[in-house]
Amino acid sequence: MADQGSAIDLLIVGAGMYVCGKGTDGFGTILPAAFEACRAGLVGRIHIAAQSEESAQAALAKAEELRKLMGVDAEVTVSPQGTEHDSRAFIKAAEALSRDSAAIISVPDHLHFDITRQLIERKVHVQVVKPLVPGVKETRELIALKKKFNVLGLVEFHKRFDESNLKLRELIEGDALGELLNFRIQYSQRKIIPTRAFRNWVEQTDILQYLGVHYVDLIHFLTGAKPMRVMSYGLKKYLVKEGINTFDTIQTLIEWRRGEDGDFLSSHLTGWVDADTSSAMSDQRLEVQGTRGRCLVDQKNRGVSLSLDGKGVEDINPYFTQLYPAIDGKNKRAAGYGPESILSFLRDVQNIKNGVSHPAGLGGLRATFESSLYVAAVLEASRISLEGNNCWVDASPLWAEV
Ligand SMILES: NC(=O)c1ccc[n+]([C@@H]2O[C@H](COP(=O)([O-])OP(=O)(O)OC[C@H]3O[C@@H](n4cnc5c(N)ncnc54)[C@H](O)[C@@H]3O)[C@@H](O)[C@H]2O)c1
């Protein structure tokens, strides 16, 4: 292991699918990335704060298995212990952290605000899984708090690290496509997500907020544009019959303004009622039309397709979170744009601890809390539109300085 002199402590809040692959055969994204960070000497100790002892022990078992697979000598502790349920275990864990520690918050969307707020108040640098928070007011409060306590606050929008998106960003920045006209996004997941995986909090989010939000952030990231108006139309046919009161699909139109370049439009069709036998958990494609050309980024068909007896066809994404053979030929290493997004945050925190960087100076390609103001404005405007006969809603007053 590399020199641990300046290694940081890492607190992971939540112990679900994204943290450690709960309910799946895999290990999620956050834990594999954290182990890679230990191997690189970025992280010394890892603590996972769940809210039940059962979840904490299940995460510890996943960690033991992964530690052997990856051959990483990582110190992992979990809480709560000795009590069945404690939704404040993360606070006790935060109090035991050393100066300039990092926390990754991966709990259901509606809990992001309160947990993030309490960690910032304890001067912990935070990375929050998307969406930061569903509303503008809460986003502004978190921006003010992270400035007050001088900590780094980022959002784990990993699509910013996908090289196919970085290629598109270069094309747009270099004006290869000409003036932007239209973005067309199609992004959907299998029925198993709302009916099983997130059954206990599915009605506290919606499909644009949970999934479509990735491409709202991405369009701002690719173009620097700001959302002016939003209109959403949702349909309820399948999930309501399953006793789940949420939209099957939401179709959203966003009007964006890009400085002198004028306006362009994006259309987002998001859904979570794909067949469970579909060839990928996430079906996603992005098409951009400009005055000089068109670019299609097919993010489902990445060129690796697997068909096995009795299992149907699976389109694999080899570029998101994967465990690949390490150079020693024996162990596994965590790779892909999922882990990279987390490693990038942990590198930032280590640089802050070493006095090389300061939280206020870390912008660039990062998904900062400030950039999530535009995302929150779109989510809020979309909810207003859904509740108000699918009318156009002005988003600019939501993000503009008051
Ligand atoms: N699953 C994915 O692929 C994915 C990808 C990116 C982002 N996300 C986001 O990550 C977040 C979590 O998603 P998930 O898939 O892990 O969901 P999940 O439902 O599998 O896990 C959430 C976990 O948070 C725990 N939790 C709730 N309150 C807590 C508290 N006070 N302290 C500690 N733990 C608490 C729950 O017990 C649960 O185990 C969501 O915001 C989701 O949008 C998920």
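Residues numbered from 1 in each chain as written. Predicted model: local features only at pLDDT ≥ 70, side-chain atom pairs only at ≥ 80, totals over all residues.

Visitor: Describe the packing of helix α2 (residues 30–39) against helix α3 (residues 53–70), naming the residues involved and giving the relevant values.
Guide: Following both chains from N to C, one finds α2 and α3 inclined at 50°, their axes separated by 11 Å at the closest point. Viewed along their axes, α2 and α3 adopt a mutual orientation that is oblique. For the pair α2 and α3, the sense of crossing is right-handed. On α3, the residues touching Leu31, Pro32 and Phe35 of α2 are Lys62, Ala63, Leu66, Arg67 and Met70. (Axes fitted to C-alpha atoms, helices over the stretch in contact; angles between N-to-C directions. Helix = DSSP H or I, 4+ residues; strand = E, 2+ residues; numbered from the N terminus. Parallel < 35°, antiparallel > 145°, perpendicular 65-115°, else oblique. Left-handed = near helix turned anticlockwise from the far one by under 90°. Contact = placed C-beta atoms within 7 Å.)

Visitor: Describe in detail the sheet that holds strand β12 (residues 294–298), supporting the description with residues and values.
Guide: On the basis of which strands lie adjacent, the open sheet formed by 7 strands has the order β12-β11-β7-β10-β9-β8-β17 and mixed pairing. Across the chains shown, the open sheet's two edge strands, defined by having one partner strand only, are β12 and β17 (393–394). As paired elements, strand β8 (residues 226–235) and β17 share 2 bridges and run antiparallel to each other. When the sheet's bridge partners are listed, Val230 is paired in β17 with Val393. Across the face of the sheet, helix α9 (residues 207–223) comes into contact with β7 (180–190), β8, β9 (249–257), β10 (263–274) and β11 (282–290) while running at roughly 150° to β10. (Pairing = 2+ DSSP bridges.)

Visitor: Lay out helix α5 (residues 112–121) with the relevant residues and their values.
Guide: Those residues of α5 that fall on the buried side of the exposure criterion are His112, Phe113, Ile115, Thr116, Leu119 and Ile120. Elements in contact with the buried residues of α5: β1 (8–13), α4 (89–95), β4 (102–105), β5 (125–129), α6 (136–148) and β6 (153–156). Where α5 terminates, the next one or two residues include Lys123, which has phi positive at roughly 65°. (Buried ≥ 20, exposed ≤ 12 C-beta atoms within 10 Å, placed from the backbone.)

Visitor: Any details on the pairing of β8? Residues and values, ideally.
Guide: Pairing of β8 with β9 involves 9 bridges; the strand directions are antiparallel. Note on β9: the bridge partner recorded for Leu235 is Thr249.

Visitor: I'd like a description of the pairing of β10, backed by residues and values.
Guide: Relative to β10, β7 runs parallel, the two sharing 8 bridges. Its bridge partner being in β10, Gln186 is matched across the sheet by Leu269. Turn length for the β9-β10 hairpin, with the two strands adjacent in sequence and antiparallel, is 5 residues, and the turn residue Gly259 shows positive phi of about 45°.

Visitor: Residues and numbers for the domain arrangement of the protein chain, please.
Guide: Its domain assignment divides the protein chain into domain 1 (8–159 + 329–369) and domain 2 (163–317 + 374–399). Between the C-alpha centres of domain 1 and domain 2 there is a distance of 25 Å. Taken together, the contact between domain 1 and domain 2 spans 16 residues of the former and 18 residues of the latter. The residue inventory of the side of domain 1 that touches domain 2, partitioned by class, reads 9 nonpolar, 4 polar and 3 charged. (Domains from an automatic or database assignment. Nonpolar A, V, L, I, M, F, W, Y, C, P; charged D, E, K, R; others polar.)

Visitor: Can you explain the sheet that holds β5? Please cite residues and give values.
Guide: Spatial ordering of the open sheet is given by β3-β2-β1-β4-β5-β6, a layout of 6 strands whose pairing is parallel. With partners counted over all chains shown, the strands left at the sheet margins are β3 (75–79) and β6, one partner each. Across the sheet, the mean angle from the axis of one strand to that of its neighbour is 20°, orientation sign disregarded. The sheet contact formed by β1 and β4 spans 4 bridges and is parallel. In the sheet register, Val13 faces β4, and the bridge partner there is Ile105. Where α3 meets the sheet, it contacts β2 (43–49) and β3, and its direction lies at approximately 165° from that of β3.

Visitor: Report on the site of the ligand, specifying residues and quantitative values.
Guide: Around the ligand, the structure places 23 residues, and the nearest of them are Gly14, Gly16, Met17, Tyr18 and Ser87. In terms of residues, the shell around the ligand owes the most to one element, helix α1 (residues 17–20), which gives 3 residues. The residue inventory of the shell around the ligand, partitioned by class, reads 14 nonpolar, 6 polar and 3 charged. (Near = placed C-beta within 6 Å.)

Visitor: Before we move on, can you summarise the environment of Ile104 with the specific residues and values?
Guide: Along the chain, Ile104 turns up in strand β4. Look at Ile104 and you get buried, because 26 C-beta atoms sit within 10 Å. Beyond its immediate sequence surroundings of up to four residues, Ile104 is in contact with Ile12, Ile30, Gln127 and Ile342.

Visitor: Let's hear about unusual backbone geometry: which residues, and what values?
Guide: The phi angle of most residues is negative, glycine excepted, and most peptide bonds adopt the trans form. Omega for the peptide link from Ser79 to Pro80 comes to 5°, which places this bond in the cis form. A cis amide bond links Lys130 to the next residue, Pro131, at an omega of -10°. Structurally, Pro131 is set in the loop between β5 and α6. A positive phi is found at Asn389, a non-glycine position, where the angle reads about 60°. As for its position among the elements, Asn389 is in the loop between α11 (372–387) and β17.

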